[in-house]
2 protein chains.
Amino acid sequence: MPEDSKHILSSFEADLARLRDMIAAMGGLVETELADAVTALLTHDSAIAARVVEMDAKVDADERAIEQFAVRVLALRQPVADDLRQVVAALKVTTDIERIGDYAANVAKRTLVLNQAGSTWPLASLSQMARLVQESLKSTIDAIGEADPVKAISVWRADQMIDDLYTTIFRELITYMMEDPRNITACTHLLFIAKNLERIGDHATNIAELTYYAATGQTLPDARPKGDLSASPGAGAAS
Amino acid sequence: MPEDSKHILSSFEADLARLRDMIAAMGGLVETELADAVTALLTHDSAIAARVVEMDAKVDADERAIEQFAVRVLALRQPVADDLRQVVAALKVTTDIERIGDYAANVAKRTLVLNQAGSTWPLASLSQMARLVQESLKSTIDAIGEADPVKAISVWRADQMIDDLYTTIFRELITYMMEDPRNITACTHLLFIAKNLERIGDHATNIAELTYYAATGQTLPDARPKGDLSASPGAGAAS
């Protein structure tokens, strides 16, 4: 091929690599944000929680930087086929990563509220759910870096376990509130914290789907593990 | 300009128009989904709620169709500058519209749970909040169709009112739960319904920001009305 087109090709490869690095860095930041939010929750540490809330602005800035770079790549390199798919997926992945950051920040904000109230509450199930969500997020971010469709599918599957655990926690907290009305405010925040973790699992699943799409050009089947059983009539009646 | 480039230009304009139509149609579908979900909630109508849950699959299908078309437009027309911005914004807007559909479907699912439980609960504030969110969504969808940055900014502003109302509802429901533990399960679902409406407001705000970006090339300032005051220490201590 002519020199200049080889040059253009390699420039695009370099752009794609940079884009993947930027997203991996943003993903790593959000992984830390979530890890710190969970630590703050489980150790009642308001200082860490406050730091998480501050971190979120950096995540938003990363999102804008990645979008601007992706748009520039589209404009300058005008990729097609697989290359185009990867840039488009990158644009959408950053949206999900930013959302995950929002949910982690919300966990931290509610932790500050809970610490201020100073009440005690059950955290065992939440701690277990948080671990699953963190593993799922880590696999997702790894799958992006490695553009690994198989790893993406495993995240997609893991989300069902997270949803089931969320439903268990939902029922536990309702019971705890009924036992003693003084638990209600704290448990309500814990319910939303559990919900935030469940949503983070959903967004990790979205990212897995996008990664699978970027790597294979195929969308995963519709019957995706998704949503929240506590909102299904059966669970609702039981809870 | 040469005949063929004029031809290409007009083809792209046609593609953009079609893309805008597809998004407006998807937006209209989600507006209906939300309106029906709110009706089902306020009138305790499980039949309508069940229909909303079914509608959501159509919304997901629309999202995939729009994405596939947008990617084809990027590949075939290789737009730059403003044209490129519009296609990129379209890709991201569909993600937010799909999320709004998910939240509307969740409102419907929880309505089914509430109707099954058959308990009574206060709906006045929720009804007011739902009206605001529906207006905000309508303005957002209109802003897309008209590519109107001014309308986009108004949505961006309205979101603060929705967040404030959400905080009021949060406090009302906590009080209601404390007054009678038999209200706890129903009020918990109502809390999540209010939260879903608040999130729909956030996504309408995202769409407004994307529409503003597509129309002006500028991002709205960072200090966006966003999030949920019930998760702020002050409100939490008060609630």
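Residues numbered from 1 in each chain as written. Chains lettered and ligands numbered in written order. Predicted model: local features only at pLDDT ≥ 70, side-chain atom pairs only at ≥ 80, totals over all residues. Heavy atoms only, no water.

Here's the deal with the overall build of chain A
Then comes step 1: Helix and strand content of chain A: 7 helices and 0 strands.
Then comes step 2: In chain A, buried positions account for 56% of the 239 residues.
Then comes step 3: Across chain A, the fraction of contacts at a sequence separation of at least 24, relative to all contacts at a separation of at least 6, is 83%.
Then comes step 4: Only carbon and sulfur atoms are counted for the fraction: they give 56% of the accessible area of chain A, which is about 9200 Å². (Helix = DSSP H or I, 4+ residues; strand = E, 2+ residues; numbered from the N terminus. Buried < 20%, exposed > 50% of the residue type's maximum accessible area, 1.4 Å probe, protein only. Contact = heavy atoms within 4.5 Å. Areas by Shrake-Rupley, 256 points an atom, 1.4 Å probe, with all protein chains shown as cover.)

Remarks on the pattern of salt bridges
All names here are of chain B.
Then comes step 1: This structure, assessed with the given rule, holds 22 salt bridges over all chains.
Then comes step 2: The salt bridge involving D82 is made with R85; its shortest N-O contact spans 2.4 Å. One end of the pair is D82 and the other is R85, both in helix α3 (residues 81–117) and 3 residues apart, which spans about a single turn.
Then comes step 3: Classification of D82 as partly exposed rests on a relative accessible area of 43%.
Then comes step 4: Look at R85 and you get buried, because its relative accessible area is 15%.
Then comes step 5: For D102, the salt bridge identified is with R99, shortest N-O distance 3.5 Å. Here R99 and D102 lie together in helix α3, a separation of 3 residues that amounts to about one turn.
Then comes step 6: A relative accessible area of 12% places D102 in the buried class. (Salt bridge = Lys/Arg side-chain N within 4 Å of Asp/Glu carboxyl O.)

Some points on the UniProt feature "domain: PhoU" (unreviewed entry) in chain A
Residue and element names in this part refer to chain A.
Then comes step 1: Within the UniProt annotation, "domain: PhoU" (unreviewed entry) is assigned to residues 24–111 and 126–210.
Then comes step 2: Along residues 24–111 the backbone is 94% helical and 0% strand, and the end-to-end C-alpha distance reaches 27 Å.
Then comes step 3: Measuring from the first to the last C-alpha atom of residues 126–210 gives 28 Å, for a span that is 93% helix and 0% strand. (UniProt positions renumbered as here; feature names shortened; annotations may be inferred.)

Comments concerning the side chain of T95 of chain A
Then comes step 1: Relative to the helices and strands, T95 of chain A is located in helix α3 (residues 81–117).
Then comes step 2: Beyond its immediate stretch of four places on either side in the chain, T95 of chain A contacts E63 of chain A together with K92 of chain B.

Examining the packing of aromatic side chains
Then comes step 1: Scanning all chains against the criterion turns up 5 aromatic pairs over all chains.
Then comes step 2: Each ring, one from F192 of chain A and one from F192 of chain B, has its centre 5.0 Å from the other, and the planes form 50°; the classification is tilted. Here F192 of chain A is found in helix α6 (residues 184–216), whereas its partner F192 of chain B is found in helix α6 (residues 184–216) on a different chain.
Then comes step 3: Residue F192 of chain A is classed as buried on the basis of its relative accessible area, which comes to 3%.
Then comes step 4: In textbook terms, an aromatic cluster arises when at least three aromatic residues are bridged by ring pairs, as seen for Y166, F170 and F192 of chain A together with Y166, F170 and F192 of chain B. (Phe/Tyr/Trp six-rings, centres within 6.5 Å; stacked < 30°, edge-to-face > 60°.)

A few points about the confidence of the model for chain A
Residue and element names in this part refer to chain A.
Then comes step 1: Across chain A, the average pLDDT comes to 85, with 87% of residues at or above 70.
Then comes step 2: Ranking the elements of chain A by mean pLDDT puts helix α7 (residues 233–238) last with 38 and helix α2 (residues 46–77) first with 93.
Then comes step 3: Taken together, the stretch residues 233–239 has pLDDT below 50 and engages in 20 contacts with residues farther than four places along the chain or on a different chain.
Then comes step 4: In the model output, the complex is listed with pTM 0.83 alongside ipTM 0.76. (pLDDT = per-residue confidence, 0-100.)

Concerning the packing of helix α5 (residues 149–179) of chain A against α6 of chain A
Residue and element names in this part refer to chain A.
Then comes step 1: Viewed as axis vectors pointing N to C, α5 and α6 meet at an angle of 170°, and their least axial separation amounts to 9 Å. One finds that α5 runs roughly antiparallel with respect to α6.
Then comes step 2: By residue class, the composition of the contact of α5 with α6 is 21 nonpolar, 5 polar and 6 charged. (Axes fitted to C-alpha atoms, helices over the stretch in contact; angles between N-to-C directions. Parallel < 35°, antiparallel > 145°, perpendicular 65-115°, else oblique. Nonpolar A, V, L, I, M, F, W, Y, C, P; charged D, E, K, R; others polar.)

Considering helix α2 (residues 46–77) of chain B
Residue and element names in this part refer to chain B.
Then comes step 1: The end-to-end C-alpha distance of α2 is 47 Å, a good match for the 46 Å that 32 residues give at a rise of 1.5 Å each.
Then comes step 2: For α2, the N-terminal capping position is held by D45, with its side-chain oxygen 2.9 Å away from the main-chain nitrogen of A47.
Then comes step 3: The positive-phi residue at the C-terminal boundary of α2 is Q78, with phi of around 45°. (Expected span 1.5 Å × (residues − 1). Polar contact = N/O pair within 3.5 Å; in protein donor to acceptor, adjacent residues only side chain to side chain.)

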